[in-house]
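# Fold and geometry: a report
Below are the chains, spelled out letter by letter.
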Amino acid sequence: MTNAIDVSGLTKAYGDLRAVNGVSFSVPEGQVFAILGPNGAGKSTTVEILEGHRERDSGEVSVLGLDPATGGRAFRDRIGIVLQEAGVDKELTVRETLDLYSTAYTHRRSIAEVIELVELDEKLDTRISRLSGGQQRRVDLALGLIGTPELIFLDEPTTGFDPAARRRSWELIQGLAAGGTTVVLTTHYLEEAEHLADNIIVMAGGKVVAEGTPESLRQNASTESVIRFGLPQVDARVEELFEPLHGKAQGRDRRIEITTTKPTADLAHITGWAVARGIELDGLIVESLTLEDVYLRLVGEDA
Amino acid sequence: MSRDLGILWRSIRAESRIFWRSPVGAFFTLGLPLIMLVLFVALFGNDSIGHPEYGDITTAQFYAPGLGVFAAASATYTNIAINLSMRRDDGILKRVRGTPIPPWVFLGGVILSAVWVALVATIVMLGLGVAAYGVELELDKVPAMIVSFVVGTICFATLGVALTGVAKTAAAAPAIANATILPMGFISDVFIPLDDPPSWLTWAGNVLPLKPFAVSFTDAMSPFTATPGFQWGRIAILLAWTAVGGFVAWKTFRWEPVPGAPKGRRRRNRSAVV
């Protein structure tokens, strides 16, 4: 299988800030690829370099066999970009907007086809200023699709959507991938990446801190479990509770979280300690790490 | 190429729609200069005024072409600068840059639609002058008017694109546009007929672009100038400014919003009078 995207050793600095610091990854054709990470992780800069919006400092980048920095019009004819921050002229109707942009593409979809894909049929002759926020996002998506792109970049495609609209967008994205379109999406929603992506990279501090399928990311950490409970106001010395544990304890506002590779032994110790003192532990649960736990640790933020 | 012309045509149409669907911008560009013509004629009467360059002409014969030129300059320079900088802040220019639409086609659409608006504004102005105030046109000198108009509007459109490059945000653009074009209006035989001004003001007016545009256009309508009425010296100054504007635009124009630029400024927000 050939790769739609190959990136190796990519760097980009803004002054002293190394926004992207040695990033490498590949995206096979026809895959849905998710880039996860908190604000400032470098994911926007990375994607903008792939889109040709920004020039890199160093590294190799190949997108659809072209260098986005020099690919020019032929390159942009084959990609679709759906950026949250890219506006549209609100004085125009949906039809006028689609008509304006579609002319620029070699392999353009018909307005009827694209409008059905994003389910805006009845708004075709409405000015964009009169559309709801969610409907305007669907115009964005329609503009990304109008050129029948081989590769589409989606920047947080469902932020602000209600759950039903998010489901429908997911179905649309899966439909695109099934039709052979490569999809690169950035998202804050782990659930979204888990649901849609064939492969995920997690970025933090300008670097790729983890990559793999959603399943493999979870499995890498699955030797660990989390014990959670609430500690009531007690006079007892809590050192006696925490010191003998195998795992690592963290607490905030009396909510305790213990990450451990020996959940059985640690749980026995905790419950024994509590029973001996006649304390009821509030909301006690044991669970294996969720993808969210994995993610939050990777990007260095506590749950 | 034929596809580019197709995009250009759609782009001109889209730009024009955007303009006419924004009533505030349309009012300032078209309506305000008309109101000024009506006011000036009402205030000063439509008797002959002795003007050192144009001779003994009526108030309307002086003001109709001058304000027509001013409307044309504002339809190109001010409108383009405000429009483009606002759309840059909104990320619309960034979107365009991510499509196969060539930059020259997009900017060509912006400029040509502004020239079209300028043409409408000037024709309406002259129409009012001819119909209501007895302004005279001489067919022999119409070619000179056309040359002056085409060169002048392209010049001011280019300067509008250049100003978009110089102004970092949409908040700065109208301020700079008004702060440049309004003072120019006073020393360029547009708002008042200058009678023996200080020589440095005459010099400044002659070197800056508005007066060459206004005088070459107004002269071509004056009953006292000789046929065919071309003013190649003034046209040369306009062409020089077009080159300057083109160079500045080429060096400074950005498609991306500056980080932190406020979005959603879709109102035609004008800080000063015109």
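Residues numbered from 1 in each chain as written. Chains lettered and ligands numbered in written order. Predicted model: local features only at pLDDT ≥ 70, side-chain atom pairs only at ≥ 80, totals over all residues. Heavy atoms only, no water.

## Let's talk about the interface of chain A and chain B
Every contact between the two is made by 29 residues of chain A and, on the other side, 29 residues of chain B. Across the interface of chain A and chain B, roughly 2800 Å² is buried in total on both sides, 50% from carbon and sulfur atoms. Three residues stand out in chain A for area buried against chain B, namely R73, R76 and E91 of chain A, and they jointly supply 23% of the buried area on that side. At the boundary of chain A with chain B, the tally comes to 9 salt bridges. For the salt bridge of R73 of chain A with D4 of chain B, the shortest nitrogen-to-oxygen distance reads 2.5 Å. There are 19 residue pairs in polar contact (both at pLDDT 80 or more) connecting chain A and chain B. Of all the secondary structure elements, the ones that give two or more residues to the side of chain A that touches chain B are α2 (72-76), α3 (94-102) and α5 (133-145) of chain A. With 4 residues, α3 of chain A is the largest single contributor of residues to the side of chain A that touches chain B. (Contact = heavy atoms within 4.5 Å. Buried area = accessible area lost by both parts, 1.4 Å probe. Salt bridge = Lys/Arg side-chain N within 4 Å of Asp/Glu carboxyl O. Polar contact = N/O pair within 3.5 Å; in protein donor to acceptor, adjacent residues only side chain to side chain. Helix = DSSP H or I, 4+ residues; strand = E, 2+ residues; numbered from the N terminus.)

## Points about the sheet that holds strand β8 (residues 199-204) of chain A
Residues and elements named next belong to chain A. What the 6 strands build is an open sheet, ordered β5-β6-β7-β3-β8-β9; its pairing is mixed. Strands at the two margins of the open sheet, each flanked by one partner only, are β5 (79-82) and β9 (207-212). Within the sheet, the average angular offset between the axes of one strand and its neighbour, ignoring direction, is 15 degrees. Note: strand β3 (residues 32-36) against β8, 4 bridges, orientation parallel. (Pairing = 2+ DSSP bridges. Axes fitted to C-alpha atoms, helices over the stretch in contact; angles between N-to-C directions.)

## Some words on the packing of helix α6 (residues 142-166) of chain B against helix α10 (residues 232-252) of chain B
When two helices pack together, their arrangement is given by the angle between the helix axes and the distance between those axes. Residue and element names in this part refer to chain B. In the contact formed by α6 and α10, the axes pass within 8 Å of each other and the chain directions differ by 25 degrees. Considered as vectors, α6 and α10 are oriented roughly parallel to each other. Of the two possible hands of crossing, α6 and α10 adopt the one that is left-handed. The residues of α10 that touch α6, namely those facing V147, S148, V151, G152, I154, C155, T158, L159, V161, A162, G165 and V166, are W232, I235, L238, L239, W241, T242, G245, G246, V248, A249 and T252. Among the residues forming the contact of α6 with α10, the class breakdown is 15 nonpolar, 8 polar and no charged. (Parallel < 35°, antiparallel > 145°, perpendicular 65-115°, else oblique. Left-handed = near helix turned anticlockwise from the far one by under 90°. Nonpolar A, V, L, I, M, F, W, Y, C, P; charged D, E, K, R; others polar.)

## Notes on helix α5 (residues 103-133) of chain B
When the terminal C-alpha atoms of α5 of chain B are compared, their 44 Å separation across 31 residues agrees well with the 45 Å that a helix rising 1.5 Å per residue should span. G134 of chain B sits one or two positions beyond α5 of chain B and adopts a positive phi of about 65 degrees. (Expected span 1.5 Å × (residues − 1).)

## Comments concerning helix α1 (residues 2-20) of chain B
Counted at 1.5 Å a residue, the expected span for α1 of chain B with its 19 residues is 27 Å, and the 27 Å between its end C-alpha atoms agrees. Every buried residue of α1 of chain B is listed here: D4, G6, I7, L8, S11, I12, A14, E15, S16, I18 and F19 of chain B. Against α2 and α3 of chain A together with α2 (23-44), α3 (59-89) and α5 of chain B lie the buried residues of α1 of chain B. (Buried < 20%, exposed > 50% of the residue type's maximum accessible area, 1.4 Å probe, protein only.)

## Structural notes on the confidence of the model for chain B
One rule of thumb: low pLDDT means the predicted coordinates there are not for detailed reading. All names here are of chain B. Looking at chain B, the pLDDT average stands at 89 and 93% of residues meet or exceed 70. The lowest-confidence element of chain B is strand β1 (residues 48-51), averaging 74 in pLDDT; the highest-confidence one is α6, averaging 96. Every residue in residues 265-274 scores below 50 in pLDDT, and together they form 39 contacts with partners more than four places removed in sequence or on other chains. Model confidence for the complex is summarised by a pTM of 0.84, with the ipTM given as 0.85. (pLDDT = per-residue confidence, 0-100.)

## Focus on the packing of aromatic side chains
According to the stated counting rule, one finds 16 aromatic pairs over all chains in the structure shown. These aromatic residues form a ring-pair network of at least three members: F40, F44, F62 and Y63 of chain B. The lysine or arginine in question, R166 of chain A, covers the ring of Y189 of chain A, its NZ or CZ lying 4.1 Å from the ring centre. Sitting over the ring of W255 of chain B, R97 of chain B keeps its end group 5.6 Å from the ring centre. (Phe/Tyr/Trp six-rings, centres within 6.5 Å; stacked < 30°, edge-to-face > 60°. Lys NZ or Arg CZ within 6 Å of the ring centre and 35° of its normal.)

## Section: the environment of N199 of chain A
Residue and element names in this part refer to chain A. Of note, N199 is situated in strand β8. Sequence separation between N199 and G15 is 184 residues, and the spatial gap between their C-alpha atoms is 32 Å. Excluding residues within four positions of it along the chain, N199 makes contact with Q31, V32, F33, A34, G212 and T213.

## Things to note about the packing of α3 of chain A against α5 of chain A
Residues and elements named next belong to chain A. Axis separation between α3 and α5 bottoms out at 10 Å; the angle between their running directions is 25 degrees. With respect to α5, the element α3 is oriented roughly parallel. In the packing of α3 onto α5, the handedness of the crossing is right-handed. Counted together, V94, T97, L98 and Y101 of α3 and V139, A142 and L143 of α5 form the full contact between these two elements. Of the residues contributing to the contact of α3 with α5, the split by class is 6 nonpolar, 1 polar and no charged.

## What about unusual backbone geometry?
Not every positive phi belongs to a glycine, and E156 of chain A is a case in point at roughly 45 degrees. With respect to the helices, strands and loops of the structure, E156 of chain A is situated in the loop between β6 (151-155) and α6 (163-178). Assessed through its relative accessible area of 10%, E156 of chain A is described here as buried. A positive phi angle, near 60 degrees, is found at D189 of chain B, a position not held by glycine. You can call D189 of chain B buried: its relative accessible area is 3%.

## Some points on the nonpolar core
Core analysis: the biggest nonpolar cluster contains 72 residues, and L98 of chain A together with L84 and F106 of chain B have the highest contact counts within it. The dominant element in this core, judged by the number of residues it contributes, is α5 of chain B, at 7 residues. The residues contacting L98 of chain A, other than those within four sequence positions of it, are I111, V114, I115, A142, L143 and I146 of chain A. The next biggest cluster of nonpolar side chains, apart from the first, holds 52 residues, and it includes Y133, A167, M184 and F191 of chain B. (Core = buried A, V, L, I, M, F, W, Y, C linked by side-chain atoms within 4.5 Å.)

## Things to note about the side chain of T97 of chain A
All names here are of chain A. Within the element layout of this structure, T97 appears in helix α3. What makes T97 buried here is its relative accessible area of 2%. With residues near it in sequence (within four places) discarded, T97 still touches V88, L92, I128 and L143.

## Considerations on empty space enclosed by the protein
Residue and element names in this part refer to chain B. A full pass over the atoms with the stated rule returns 7 cavities of 30 Å³ or more. A volume near 140 Å³ is recorded for the largest cavity. Looking at the largest cavity, it is lined by 13 residues, and the ones nearest its centre are E15, F19, N83, V110 and S113. Of all elements in the fold, only α1, α3 and α5 reach the threshold of two or more residues within the lining of the largest cavity. Take the lining of the largest cavity: its biggest share by element is 5 residues, from α3. Along the lines of polarity and charge, the residues of the lining of the largest cavity split into 7 nonpolar, 3 polar and 3 charged. (1 Å grid on protein atoms, 1.4 Å probe; cavity = no way out; pocket = protein on both sides within 12 Å on 5 of 7 lines; lining within 4 Å. Points joined across faces, edges and corners; volume = space filled by probe spheres on them.)

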